[in-house]
Amino acid sequence: MLRLPVHCAAGALTLFITSLALSVHALAESSPSADAWFKTSYGPLWAETPYDDVEAILDHYSPDIVTHSSDGTISSTPRRAWLMTPMDAWKAEGWIRAELTDAQTTVINATTASIMTTWKDYYADNNTEVSCGWYLVDKVDGQWQITTYADTPCP
């Protein structure tokens, strides 16, 4: 059996720990920022065929969404109900899709960001409407997820 002098073993352990730390850092750097994820993964799902993309949209949410309502109430709803209840109501109103026209991201820390959005909503009668919202996104198991939402007045 090969025996290394203590100083060599300590050096090998230091090299191992350093390479592990660099690998973890490289992996963290390779995932998109919250801003990029929201703008390139989440936002586009609403732009063309959101009714056909429901499952992909749902993949962007945590299992439960906390909502801060304009009347001051705070609630937690399972993601499917949180998404489908309003989508069904919007569809009945003639809503077709929404285009993300602005997203201002504030990074809170490495795993949390706040995103203020502006959407342009399109309706079957060719009308459009602007709506705004606030999202809190958290990185869970290496993936960004929307965890909290609030309607906001548009500027």
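In this text, all values refer to a predicted model and were calculated from it rather than measured experimentally.

(A) Expanded view of the packing of aromatic side chains. Taken as a whole and judged by the stated rule, the model has 17 aromatic pairs. Judged by centre distance (6.2 Å) and plane angle (70°), the rings of Y42 and W46 are edge-to-face. On the accessibility criterion, Y42 (1% relative accessible area) is buried. A network of ring pairs unites the aromatic residues W37, F38, Y42, W46, Y51, Y61, W82, W90, W95, W119, Y135 and Y149 as a single cluster. A cation sits over an aromatic face here: K91 above Y51, 4.7 Å from the ring centre. A cation over an aromatic ring shows up here: R97 above the ring of Y122, its NZ or CZ 3.9 Å from the ring centre.

(B) Spatial organisation of the sheet that holds strand β6 (residues 143-152). The strand order across the open sheet built from six strands is β2-β1-β6-β5-β4-β3, with neighbouring strands paired in mixed fashion. The open sheet terminates on both sides in strands that have one partner only, identified here as β2 (74-78) and β3 (95-109). Averaged over all pairs of adjacent strands, the angle between strand axes in this sheet comes to 25°, irrespective of strand direction. Here strand β1 (residues 61-68) pairs with β2 via five bridges, running antiparallel. Bridging from a neighbouring strand, I65 pairs with T77 of β2.

(C) Region of the structure containing the nonpolar core. Counting 26 residues, the largest nonpolar core has F38, Y42, W46, Y61 and L83 as the members making the most contacts within it. Broken down by secondary-structure element, the contributors of at least two residues to this core are α2 (34-42), α3 (54-58), β1, α4 (79-92), β3, β4 (112-123), β5 (128-140) and β6. Leaving out residues up to four positions away in the same chain, L83 has contacts with W46, V54, I57, L58 and Y61.

(D) Representation of the environment of D64 in the model. Tracing the chain through its elements places D64 in strand β1. Remark: the alpha-carbon pair of D64 and R80, spanning 16 residues in sequence, is separated by 8.7 Å.

(E) Representation of the side chain of T148 within the structure. Of note, T148 is situated in strand β6. Sequence-distant contacts of T148, that is, excluding residues within four places in its chain, are made with V66, H68, W134, Y135 and L136.

(F) Summary view of the environment of Y135. Within the secondary structure layout, Y135 lies in strand β5. It is 5.1 Å that separates the C-alpha atoms of Y135 and I115, two residues lying 20 residues apart in sequence. Those residues in contact with Y135, other than ones at most four positions away along the chain, are F38, Y42, A113, S114, I115, T117, W119, I146, T148 and Y149.

(G) Highlighting the confidence of the model for the chain. The share of residues in the chain with pLDDT of 70 or more is 81%, and the mean pLDDT across the chain is 87. This stretch, residues 12-29, has a pLDDT under 50; its non-local contacts, to residues over four places away or in other chains, come to one contact.

(H) Spotlight on unusual backbone geometry. With a phi close to 70°, N126 is a non-glycine residue in the positive phi region. Mapped onto the elements of the fold, N126 is located in the loop between β4 and β5. We classify N126 as exposed; its relative accessible area is 71%.

(I) View of α2. Of all the residues in α2, the buried ones are A34, W37, F38 and Y42. Viewed end-on, α2 has its buried residues packed into an arc of 95°, placing them on one side of the element. Buried residues along α2 sit in contact with α3, β1, β3, β4, β5 and β6.

Reading the values: rules and limits
- Residues numbered from 1 in each chain as written.
- Predicted model: local features only at pLDDT ≥ 70, side-chain atom pairs only at ≥ 80, totals over all residues.
- Heavy atoms only, no water.
- Phe/Tyr/Trp six-rings, centres within 6.5 Å; stacked < 30°, edge-to-face > 60°.
- Buried < 20%, exposed > 50% of the residue type's maximum accessible area, 1.4 Å probe, protein only.
- Lys NZ or Arg CZ within 6 Å of the ring centre and 35° of its normal.
- Pairing = 2+ DSSP bridges.
- Helix = DSSP H or I, 4+ residues; strand = E, 2+ residues; numbered from the N terminus.
- Axes fitted to C-alpha atoms, helices over the stretch in contact; angles between N-to-C directions.
- Core = buried A, V, L, I, M, F, W, Y, C linked by side-chain atoms within 4.5 Å.
- Contact = heavy atoms within 4.5 Å.
- pLDDT = per-residue confidence, 0-100.
- Arc of directions from axis to C-beta.

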